[in-house]
Amino acid sequence: MSEVKLSFPHPPARPDQAPDFSNIEIPPVGSLPVPSMDIEGHDCWPYAVGMIRVLDDDNTAHGPWADYLGEVSADTLRQGLRDMLKMRALDRRMLNAQRQGKTSFYLQCTGEEAIGCGFQRQLEQGDMNFPTYRQQSLLVAADYPLEALMGQLYSNDLDPLKGRQLPIMHSARDYGYFSVSGNLGTQYVQAVGWAMACALRGNGKIATGWIGDGATASNDFHSALLSASTYQPPVVLNVVNNQWAISTNTAVARGKGDTYAARALGYGVPALRVDGNDYLAVLAVSRWAIDRTRSGHGPIVIEWFTYRAAAHSTSDDPSAYRAKGEAEAWPLGDPITRLKAHLIARGDWSEERHVQAEAELLDEVVQVQKTVESHGTFVKPKPTAPADIFNGVYAEMPPHLRRQRQEMGH
Amino acid sequence: MARMTMIEALRSAMDVSLERDPSVIVFGEDVGYFGGVFRCTAGLQKKYGEERVFDTPINESAIVGLAVGMAAQGMKPCVEIQFADYMFPAYDQITQEAARLRHRSNEQFTCPMVVRMPTGGGIFGGQTHSQSPEALFTHVAGLKVVIPATPYDAKGLLIAAIEDPDPVIFLEPKRLYNGPFYGDHSGKSVPWSAHPAGEVPEGHYTVPLGKAAVVRAGSDVTVLTYGTMVYVTEAAVKETGRCVVVHEATRTSGFGAELIAEVQEACFWHLRAPIQRITGWDAPYPHAQEWDYFPSTARISRALNTVMED
Ligand SMILES: Cc1ncc(C[n+]2csc(CCOP(=O)(O)OP(=O)(O)O)c2C)c(N)n1
């Protein structure tokens, strides 16, 4: 028999073991300068395998990316903190609502709040995100009305999508949030198409694609990178590497590759890897990448390095496949705790103000939740409009659908 | 005999097959260590090792493409697509490659593999966890398509599918995984342990592919159906030469059209009324309006009355 053996990648730790992140290398803050905007893919290797960081372990911000940001106002950072706190309060309340049977499904973005919240605040009106189901933080930081957001989750008459979509699969064109599909990967390449149309129409807008580490395995991830490389459209392609794809560790999708950012370099697309739990790094790199893309330097890939602290969804129990306490052991910490500590260190925040802000935001969420629940929940459903399923299948309802609607009794 | 849910029956089918035949191999997204999001493969990796039961990256065309290569080499892959709604990236591999390999190579290469996937609605899964794409496979020459309705059939059919020399698409009605479903989503659900078809032999047996089961004999009306709709239909039928076809999938070009064509070719002169068809509506599967979309007992009864009156 031959000695040839297959490889089956494993996570660093399983449920019966202690969390182990010793394989993760965290370069010091300031190890990577801000590159010139016309940097080419082949010069990006250090950025693709390194990690851009701004907030140090002592909660101070420094290094070239901090210099690039310049003086960041206390208001900007407090806004960021409030966005993230609101996001977390919303996630917790909606998880509870699902547990109480008030909605069918929910999915949190705990630990990943900095990425969407920081990124969204750098976009302009008219830019379009192509999010996954875990990018609700983009909506929150776009100041999307909570009533519409929760209406979608409750599938009641406040739902802008009329109960057609699974909770969390939002669509909000005016807020730069493309209709979310459940099929992984498909929308990454659509973002490239949208960006090509922006360039062809000369409207100055950009598109941004979002994908999880697991879904980088999909064909469409590669289709997107190839198309972006070929046509050089104004698109920022984000990879949210949160270490897990349901029960499957990121090692399975990564294979022998170095990082997801490094994958882009083979296509000649510049790529950076960033500490996604560092709100200031998110601000700096998003601003740089979005500016670069908007000013015609072509596509860019950003790998946001983070950790999925919560379960995959309400249908999942992570204790069956990953080490207990992994989220707490994550070496890059929690994005809210870190930004809060930074603001306090700057003298622009305090424990008291934090507690007060948390309470205010929770109250805002709870108030809206009450209103939204008065329009019906899964426990107390209000009659939906069943015949609506026939609307919007086509621009004009064809005769066979009319007949079926009548058959339904409407 | 043991009492099994459909999930346990499917797991037992894979277990028996892995045990009997070293060329059987099981893989897919989350199926290895964790045992699948519906737990159909739970414990199998522990028992047979990760060379025989393993996790794949999220790439359905890779899952099926790898299975085609392995099957051609002489193995018997039984792979899982997490939801039938996610098989589309693999559609090329299934319909253009697996289905045709035997014929186009004049039998130099064959493709004995099974592609398992949960199908159908009834779990508030919205449009990407509820579809019934069987007609997209039955339309393709070279494929066999299986949809079981009981744990007993699920196990026997899956073993038969794994042992079959050709590619089999194995669609598992997820609404039946834990118990039969009689169409009343707000009522108490019955577990398989309380249903005679939950009696499943522990060892090896097969249920032949391509044969219909008579769920209830009678002489007034014939109801043709499969999957979840077997129970919903059974509940609606009070009495049985008149024919009604029921399926959950959308109507236009659905498999029901094929069944109706078959029936009228064989029985045209015996039919006393036009054949009625009860199906999902020709709209994307909705989330909130699921129970208005899903073919109800009321709709089936109405159709039965119509054929009886005509
Ligand atoms: C094409 C396709 N295959 C499988 C699934 C089922 N599925 C839903 S989420 C998920 C894991 C995705 O992981 P990742 O891309 O890392 O994103 P994360 O959930 O960690 O944010 C899988 C396999 C799907 N939605 N679409």
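About the thresholds
Residues numbered from 1 in each chain as written. Chains lettered and ligands numbered in written order. Predicted model: local features only at pLDDT ≥ 70, side-chain atom pairs only at ≥ 80, totals over all residues. Heavy atoms only, no water. Helix = DSSP H or I, 4+ residues; strand = E, 2+ residues; numbered from the N terminus. Rg over C-alpha atoms; globule rule 2.2 N^0.38 Å. Buried < 20%, exposed > 50% of the residue type's maximum accessible area, 1.4 Å probe, protein only. Areas by Shrake-Rupley, 256 points an atom, 1.4 Å probe, with all protein chains shown as cover. Lys, Arg positive; Asp, Glu negative; His and termini not counted. Charge placed at Lys NZ, Arg CZ, Asp CG, Glu CD. Contact = heavy atoms within 4.5 Å. Buried area = accessible area lost by both parts, 1.4 Å probe. Salt bridge = Lys/Arg side-chain N within 4 Å of Asp/Glu carboxyl O. Polar contact = N/O pair within 3.5 Å; in protein donor to acceptor, adjacent residues only side chain to side chain. Nonpolar A, V, L, I, M, F, W, Y, C, P; charged D, E, K, R; others polar. Phe/Tyr/Trp six-rings, centres within 6.5 Å; stacked < 30°, edge-to-face > 60°. Axes fitted to C-alpha atoms, helices over the stretch in contact; angles between N-to-C directions. Parallel < 35°, antiparallel > 145°, perpendicular 65-115°, else oblique. Left-handed = near helix turned anticlockwise from the far one by under 90°. Disulfide = S-S within 2.5 Å. Core = buried A, V, L, I, M, F, W, Y, C linked by side-chain atoms within 4.5 Å. Near = heavy atom within 4 Å.

1. Re the overall build of chain B
Of the regular secondary structure elements, chain B holds eleven helices and eleven strands. For chain B, whose C-alpha radius of gyration is 19 Å, the value lies close to the compact-globule estimate of 19 Å for 310 residues. With 310 residues in all, chain B has 57% of them scored as buried. Surface accessibility of chain B: about 12700 Å² in total, with carbon and sulfur atoms responsible for 52%. Here chain B contributes 26 positively and 36 negatively charged side chains, and the mean placements of these two sets differ by 4 Å.

2. Points about the overall build of chain A
Of regular secondary structure, chain A possesses 15 helices and seven strands. Taken over the C-alpha trace, chain A has a radius of gyration of 22 Å; the compact-globule value for 410 residues is 22 Å, and the two agree within 12%. Each principal axis of the C-alpha distribution contributes one length, and for chain A these read about 65 × 60 × 55 Å. Buried residues in chain A amount to 57% of all 410 residues. Considering only contacts within chain A whose residues lie at least 6 apart along the sequence, 74% involve residues at least 24 apart.

3. Notes on the interface of chain A and chain B
Contacts between chain A and chain B engage 43 residues on the former and 37 residues on the latter. Together, the buried faces of chain A and chain B total about 3300 Å²; carbon and sulfur atoms form 58% of this surface. Three residues stand out in chain A for area buried against chain B, namely Phe 8, Ile 389 and Glu 407 of chain A, and they jointly supply 18% of the buried area on that side. Here chain A is connected to chain B by one salt bridge. Among the salt bridges present, the one from Arg 251 of chain B reaches Glu 407 of chain A, with a minimum N-O distance of 3.2 Å. The tally of links from chain A across to chain B stands at 17 residue pairs in polar contact (both at pLDDT 80 or more). Every element with two or more residues in the side of chain A that touches chain B is listed here: helix H9 (250-254) and helix H15 (399-408) of chain A. Broken down by element, the residue count for the side of chain A that touches chain B peaks at five residues, all from H15 of chain A. Of the residues assigned to the side of chain A that touches chain B, the class counts are 22 nonpolar, 15 polar and six charged.

4. Topic: the packing of aromatic side chains
Counted according to the given criterion, the structure contains 31 aromatic pairs over all chains. Aromatic side chains Trp 244 of chain A and Tyr 321 of chain A sit 5.5 Å apart centroid to centroid with 50° between the ring planes, which places their arrangement in the tilted category. Linking Trp 244 of chain A in strand S4 (residues 244-245) with Tyr 321 of chain A in the loop between strand S7 (300-305) and helix H12 (326-329), this pair joins segments that are 77 residues apart in sequence. Residue classification places Tyr 321 of chain A among the buried residues on the basis of a relative accessible area of 0%. Counting every residue linked through ring pairs, the aromatic cluster contains Phe 378 of chain A together with Phe 124, Phe 181, Trp 291 and Phe 294 of chain B.

5. Some remarks on the environment of Thr 110 of chain A
All names here are of chain A. Note on placement: Thr 110 falls in the loop between helix H3 (74-99) and helix H4 (113-120). Take Thr 110: its relative accessible area is 15%, and that puts it in the buried class. Taking the C-alpha atoms as reference, Thr 110 lies 5.5 Å from Ala 309; in sequence the two are 199 residues apart. Among residues more than four places away in sequence, those in contact with Thr 110 are Arg 88, Asp 91, Tyr 307, Arg 308, Ala 309 and Ala 310.

6. Brief notes about the packing of helix H7 (residues 186-201) of chain A against helix H8 (residues 219-231) of chain A
All names here are of chain A. Relative orientation of the contacting elements H7 and H8 amounts to 20°, with a least axis distance of 6 Å. Between H7 and H8, the crossing angle belongs to the class labelled roughly parallel. Crossing of H7 against H8: the hand is left-handed. Only Asp 220, Phe 221, Ser 223, Ala 224, Ser 227, Ala 228 and Tyr 231 of H8 make contact with H7, whose side of the interface consists of Thr 186, Tyr 188, Val 189, Val 192 and Met 196. Classifying every residue of the contact of H7 with H8 by side-chain character gives eight nonpolar, three polar and one charged.

7. Some details on the state of the cysteines
Residues and elements named next belong to chain B. In the structure shown here, the tally under the stated rule is zero disulfides over all chains. Of all cysteine sulfurs in the structure, the one in Cys 78 sits closest to Cys 40, which takes part in no disulfide; the separation is 10 Å. Classification of Cys 40 by relative accessible area gives buried; the value is 1%.

8. Here's the deal with the nonpolar core
Nonpolar side chains tend to gather and get buried jointly when the protein is soluble and globular. Residues Trp 65, Leu 90, Met 150 and Trp 304 of chain A are the most contacted members of the largest nonpolar core, which totals 101 residues. Sorting elements by how many residues they give to this core places helix H11 (residues 279-294) of chain A first, with ten residues. With near-sequence residues (within four places) excluded, Leu 90 of chain A lies in contact with Val 140, Leu 146, Leu 149, Met 150 and Val 365 of chain A. Ranked by size, the runner-up nonpolar core spans 50 residues in total, among them Ala 2, Leu 10, Ala 13 and Trp 291 of chain B.

9. Some details on the side chain of Thr 150 of chain B
All names here are of chain B. Positionally, Thr 150 belongs in the loop between strand S6 (144-146) and helix H7 (151-163). Judged by its relative accessible area of 12%, Thr 150 falls in the buried class. Within polar-contact distance, the side chain of Thr 150 engages the backbone nitrogen of Asp 153 at 2.9 Å.

10. Some points on the site of the ligand
Close contacts around the ligand come from 19 residues, with Tyr 133, Arg 134, Gly 182 and Trp 244 of chain A together with Glu 60 of chain B the closest. With respect to the ligand, its neighbouring residues span chains A and B. In the model, an oxygen atom of the ligand is placed 2.8 Å from a nitrogen or oxygen of the Gly 214 of chain A main chain. Within the contact set of the ligand, a nitrogen atom lies 2.5 Å away from a side-chain nitrogen or oxygen of Glu 60 of chain B.

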